[in-house]
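Letter by letter, the chains look like this.
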Amino acid sequence: MELSTVPAIMSTVQLLPSKTHHIGTGFQADGWREPAALLDPFIMVDRFRMSEAVFAPHPHAGFSAVTYLFDDSATGLVSRDSLGGEHEILPGGLHWTLAGRGVMHDEFPIDAGREAHGLQVFVNLPAEQKLRDPCVMRLAATQMPRRVGEGWRAVQVFGGTAELALPWPTALAIVDIDAGAAYELAMPEGEQGFAIVVQGCAQAAGLTLSAGQALSLAGPGRERLQAVEAVRLACFSGRPLREPLVRHGPFAMSDEGQIVAALQRFQTGGMGRLCALSTPNNNPERLTTRNSK
């Protein structure tokens, strides 16, 4: 088990380290997990590419598992859960699984062999919400507010005025900046965040940033980012929780006792049941989910 208490932030701007990981040939991702103090209230972010089903049904508890697909993703994803849901996440869409006390789920490409490109985000829940009932929230690309500036365009995926009842103040915006144009990263007091370069090259804070790099920013603060070439950014922000966090596999709780209880719920079916797929994921005859009573 991994215990951490997230301290107050002292630095203003710095690069966040990333790690690349693969699962066979069907899944690869650049991931951000450290330092926890600079990611808070996010636990991790993966910029992934998935071309086949690589995840068996698995549990989550104590946080939200959020999937966003970029609008240029070659295919969508199917998300199934033990609440009885089976939903398609289309390019540009968002799927928010608030796991709470526990839920089973899996995801796989709609079209096997084609590549789904997106973000997998784990968002921590406040201590008082870690045992709440699980639920699912969804947004289509057409429901997301858009802003336009001189040489840039932004989509507010969640947070801000997006139509989701978020459990804690967090936000994600996808920003496209034309070559030679500038965009200002702004962070209000009491919040912190980071911008991931999805594609392209830019300069900020005296640094040259290329695809796969991330820049953190603590509020109150502003940082001007200049696009050397056309750039796409994933801009995350939120109010840090700074609460004790114990992680064990797919569970993120406030103490070890809650972890043990989550393991017991999972082992006894308290997080529901989800059948593994027995047919290829491009076959329309997919198995349905089942709830455990």
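Chemist: Just checking my understanding: could you explain the overall build of the protein for this structure?
Modeler: The number of helices and strands found in the protein is 2 helices and 25 strands. Among the 293 residues that make up the protein, the fraction classed as buried is 52%. Within the protein, residue pairs in contact and separated by at least 24 positions form 72% of the contacts whose partners lie at least 6 positions apart. For the protein, the accessible area works out to roughly 12,700 Å², and carbon and sulfur atoms hold 51% of it.

Chemist: How should I be thinking about the pairing of strand S11 (residues 103-109) in this particular structure?
Modeler: Regular strands place side chains that alternate from one sheet face to the opposite one. Buried residues dominate S11, accounting for 7 of its 7 residues. Going residue by residue along S11, you find Val-103, His-105, Glu-107 and Pro-109 tucked away on one face and Met-104, Asp-106 and Phe-108 tucked away on the opposite face as well. Looking at chain direction, strand S6 (residues 58-60) and S11 are connected through 3 bridges and run antiparallel. By the bridge assignment, Pro-59 is partnered in S11 with Met-104.

Chemist: Honestly, the sheet that holds strand S13 (residues 135-139) in this entry has me stumped. Any pointers?
Modeler: Adjacent strands of a sheet form backbone hydrogen bonds with each other and so pair up, either parallel or antiparallel. A sheet is described by the order of its strands in space; here 7 strands give the open sequence S3-S4-S5-S12-S7-S10-S13, paired in antiparallel fashion. Looking at the sheet topology across the chains shown, the edges are occupied by strand S3 (19-23) and S13. The mean inter-strand angle of the sheet, taken between neighbouring strand axes irrespective of direction, is 20°. Note: strand S7 (residues 63-69) against strand S10 (residues 94-98), 5 bridges, orientation antiparallel. Across the sheet, residue Ala-65 finds its bridge partner in S10, namely Thr-97.

Chemist: Looking at this structure, how should I read the sheet that holds strand S20 (residues 207-210)?
Modeler: Strand order in the open sheet made by the 4 strands is S17-S22-S19-S20, with antiparallel pairing throughout. Only two strands of the sheet have a single neighbouring strand rather than two, namely strand S17 (182-187) and S20. For this sheet, the mean inter-axis angle between neighbouring strands, taken without regard to orientation, is 30°. By the bridge criterion, 4 bridges tie strand S19 (residues 201-204) to S20 in an arrangement that is antiparallel. Opposite Ala-202, over in S20, you have Leu-209 as the bridge partner.

Chemist: I would appreciate a short explanation of the packing of aromatic side chains in the present structure.
Modeler: The way to describe two aromatic rings as a pair is by their centre distance and the angle between their planes. For the structure on display, the rule yields 9 aromatic pairs. Pairing Phe-27 with Phe-48 gives two aromatic rings, centres 6.1 Å apart and planes at 15°, and the pair type is stacked. Taken as a pair, Phe-27 in strand S4 (residues 27-32) and Phe-48 in strand S5 (residues 42-50) lie far apart in primary sequence, 21 residues in all. Each member of the pair Phe-27 and Phe-48 is classed as buried. Between Phe-27 and Phe-55, the ring centres sit 5.2 Å apart and the planes meet at 75°, which makes this aromatic pair edge-to-face. Residue Phe-27 is located in strand S4, and its partner Phe-55 is located in the loop between S5 and S6; the two are separated by 28 residues in the primary sequence. According to the relative accessible area criterion, Phe-55 is partly exposed, its value standing at 30%.

Chemist: Help me out: how do you make sense of the pattern of salt bridges in this one?
Modeler: A side chain with one charge may pair with a side chain of the opposite charge, provided their charged atoms come close. Counting across every chain of the model gives 9 salt bridges. One salt bridge connects Arg-33 with Asp-46, and the closest N-O pair in it is separated by 3.0 Å. With Arg-33 in the loop between S4 and helix H1 (36-39) and Asp-46 in strand S5, the pair connects residues that are 13 residues apart, well separated along the chain. A cluster of three or more residues bridged by salt bridges with shared partners is formed by Asp-71, Asp-176 and Arg-232.

Criteria and thresholds
- Residues numbered from 1 in each chain as written.
- Predicted model: local features only at pLDDT ≥ 70, side-chain atom pairs only at ≥ 80, totals over all residues.
- Heavy atoms only, no water.
- Helix = DSSP H or I, 4+ residues; strand = E, 2+ residues; numbered from the N terminus.
- Buried < 20%, exposed > 50% of the residue type's maximum accessible area, 1.4 Å probe, protein only.
- Contact = heavy atoms within 4.5 Å.
- Areas by Shrake-Rupley, 256 points an atom, 1.4 Å probe, with all protein chains shown as cover.
- Pairing = 2+ DSSP bridges.
- Axes fitted to C-alpha atoms, helices over the stretch in contact; angles between N-to-C directions.
- Phe/Tyr/Trp six-rings, centres within 6.5 Å; stacked < 30°, edge-to-face > 60°.
- Salt bridge = Lys/Arg side-chain N within 4 Å of Asp/Glu carboxyl O.

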